[in-house]
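Descriptive analysis of the structure
Chain by chain, the residues:
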Amino acid sequence: MFLFYIGLAIFIIGGIGFLIAAFKNSILWGLGCLLLYPVSIIFLILHWNEAKNPFFLQLVGVGIMVLGTMFSTSI
C-alpha cells in the first residue's frame, strides 16, 4: 500500500504542476483546466512544451500506483 500512496503523491504533484503551467499561460486556461477536464486535454495538445513535464510526471504516478496495487493484492 505504501507504493500506492507514493504514486498518488507523485500524481497529485504532477496535477498541481499542470495547473501551474496553465495558469502561467493565462488565467482562463487555468480556470478551464481546473473546472473542465476536456479543456485540460486541449491545453495539453496546444501547449505541449509547457505541459509535457507535469503530464509525464502524472503518468509516472499512475504507473507507480498500478504497481503498488498489483503488489498489495498479490501478498
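We now turn to the structure provided with this report. (Residues numbered from 1 in each chain as written. Predicted model: local features only at pLDDT ≥ 70, side-chain atom pairs only at ≥ 80, totals over all residues. Heavy atoms only, no water.)

**Points about the side chain of Gln58**
Positionally, Gln58 belongs in helix α4 (residues 48-74). Apart from residues lying up to four places away in sequence, Gln58 is in contact with Phe11, Gly14 and Gly15. (Helix = DSSP H or I, 4+ residues; strand = E, 2+ residues; numbered from the N terminus. Contact = heavy atoms within 4.5 Å.)

**As for the nonpolar core**
Generally speaking, soluble globular proteins have nonpolar side chains that are buried together. Phe18, Ala21, Ala22, Cys33, Val39, Phe43, Leu44 and Ala51 form the largest nonpolar core, which has 8 residues in total. Elements supplying a minimum of two residues to this core: α1 (2-25) and α3 (37-46). Discounting residues that sit within four places of it in the chain, Phe18 has contacts with Cys33, Ser40, Phe43, Leu44, Ala51 and Pro54. (Core = buried A, V, L, I, M, F, W, Y, C linked by side-chain atoms within 4.5 Å. Buried < 20%, exposed > 50% of the residue type's maximum accessible area, 1.4 Å probe, protein only.)

**Points about α1**
In a regular helix each residue adds 1.5 Å, so 24 residues correspond to 34 Å; α1 covers 35 Å between its end C-alpha atoms and thus fits that length. Inspection of α1 places Gly7, Gly14, Gly15, Phe18, Ala21 and Ala22 among the buried residues, and these make up the whole buried set. (Expected span 1.5 Å × (residues − 1).)

**Describing the layout of surface pockets**
The calculated volume of the largest pocket comes to roughly 250 Å³. Looking at the lining of the largest pocket, the elements with two or more residues in it are α1, α2 (27-35), α3 and α4. Class assignment of the residues belonging to the lining of the largest pocket gives a composition of 9 nonpolar, 3 polar and no charged. (1 Å grid on protein atoms, 1.4 Å probe; cavity = no way out; pocket = protein on both sides within 12 Å on 5 of 7 lines; lining within 4 Å. Points joined across faces, edges and corners; volume = space filled by probe spheres on them. Nonpolar A, V, L, I, M, F, W, Y, C, P; charged D, E, K, R; others polar.)

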